[in-house]
Amino acid sequence: QVQLVESGGGLVQAGDSLRLSCAASGRSFSSDAMGWFRQVPGKEREFVAAISRSGARTSYADSVKGRFTISRDNAKNTVYLQMNSLKPEDTAVYYCAANKVLVTTPSRYDYWGQGTQVTVSS
């Protein structure tokens, strides 16, 4: 069993930055690939970024490439999403998820956090 808790969301203006954190507990954090997803009302949950268990491999959605960076600190059992140059289109509830293998499909992930709201105003 893995428990995930997101934090760091908030209300910001376009062009600002936020860093989301996801703290994991319950088992060895380093054994899991981690992903960030987001969801807005009326739309399906979509992939944002993912990172392999070692941090050596990452993947990003085209919409966030060059602006967002996923990273992890296995010593702290935490994965981060650094969000720069935020746009109103980035407004969503952001979720972190854990899986044994790096994938980009939400249905493939085994564990999910409760989400943290990110709102970007223009």
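**Q** Would you take a moment to explain the overall build of the protein chain for this structure?
**A** A count of helical and extended segments in the protein chain gives zero helices and eleven strands. Across its three principal axes, the protein chain shows a C-alpha extent of roughly 40 × 30 × 25 Å. Across the 122 residues of the protein chain, 43% fall into the buried class. Considering only residue pairs separated by 6 or more positions, the protein chain has 59% of its internal contacts joining residues 24 or more positions apart. Working note: accessible area of the protein chain is about 6100 Å², and carbon and sulfur atoms make up 45% of it. Here the protein chain holds 14 positive side-chain charges and 10 negative ones, and the gap between their average locations is 6 Å.

**Q** Explain unusual backbone geometry to me, please; I cannot follow it from the model alone.
**A** Residues apart from glycine generally show negative phi values, whereas peptide bonds are mostly found in trans. Backbone geometry at Asn-77 places phi at a positive 55 degrees, although glycine is not the residue there. Note that Asn-77 resides in the loop between β7 (68–73) and β8 (78–83). Its identity is not glycine, yet Ser-85 carries a phi of approximately 50 degrees, on the positive side. You can see Ser-85 is positioned in the loop between β8 and β9 (92–99).

**Q** Would you explain the sheet that holds β7 in this entry?
**A** Neighbouring strands of a sheet are bound in pairs by backbone hydrogen bonds; such pairs are parallel or else antiparallel. The four strands are arranged β1-β3-β8-β7 in an open sheet whose pairing can be described as antiparallel. Looking at the sheet topology across the chains shown, the edges are occupied by β1 (3–7) and β7. Geometrically, the sheet is characterised by an average inter-axis angle of 15 degrees between neighbouring strands, direction not taken into account. In this structure, β1 lies alongside strand β3 (residues 18–25), joined through five bridges in antiparallel fashion.

**Q** Mind showing me how you'd approach the environment of Ser-31 here?
**A** Examined against the element boundaries, Ser-31 turns out to sit in the loop between β3 and β4 (33–39). Distance from Ser-31 to Ala-98, taken between C-alpha atoms, is 9.5 Å for residues 67 residues apart in sequence. Discounting chain neighbours no more than four positions away, the residues touching Ser-31 are Arg-53 and Lys-100.

**Q** I'm lost on the pattern of salt bridges in this one. Help?
**A** Think of it this way: side chains of opposite charge can pair up when their charged atoms draw near. Taken as a whole and assessed by the stated rule, the structure comprises five salt bridges. Between Asp-90 and Arg-38 there is a salt bridge; the shortest N-O distance is 3.0 Å. Pair noted here: Asp-90 is in the loop between β8 and β9 and Arg-38 is in strand β4, with a separation of 52 residues, a long-range link. Just as Asp-90 is buried, Arg-38 falls in that class too.

Calculation notes
- Residues numbered from 1 in each chain as written.
- Predicted model: local features only at pLDDT ≥ 70, side-chain atom pairs only at ≥ 80, totals over all residues.
- Heavy atoms only, no water.
- Helix = DSSP H or I, 4+ residues; strand = E, 2+ residues; numbered from the N terminus.
- Buried < 20%, exposed > 50% of the residue type's maximum accessible area, 1.4 Å probe, protein only.
- Contact = heavy atoms within 4.5 Å.
- Areas by Shrake-Rupley, 256 points an atom, 1.4 Å probe, with all protein chains shown as cover.
- Lys, Arg positive; Asp, Glu negative; His and termini not counted.
- Charge placed at Lys NZ, Arg CZ, Asp CG, Glu CD.
- Pairing = 2+ DSSP bridges.
- Axes fitted to C-alpha atoms, helices over the stretch in contact; angles between N-to-C directions.
- Salt bridge = Lys/Arg side-chain N within 4 Å of Asp/Glu carboxyl O.

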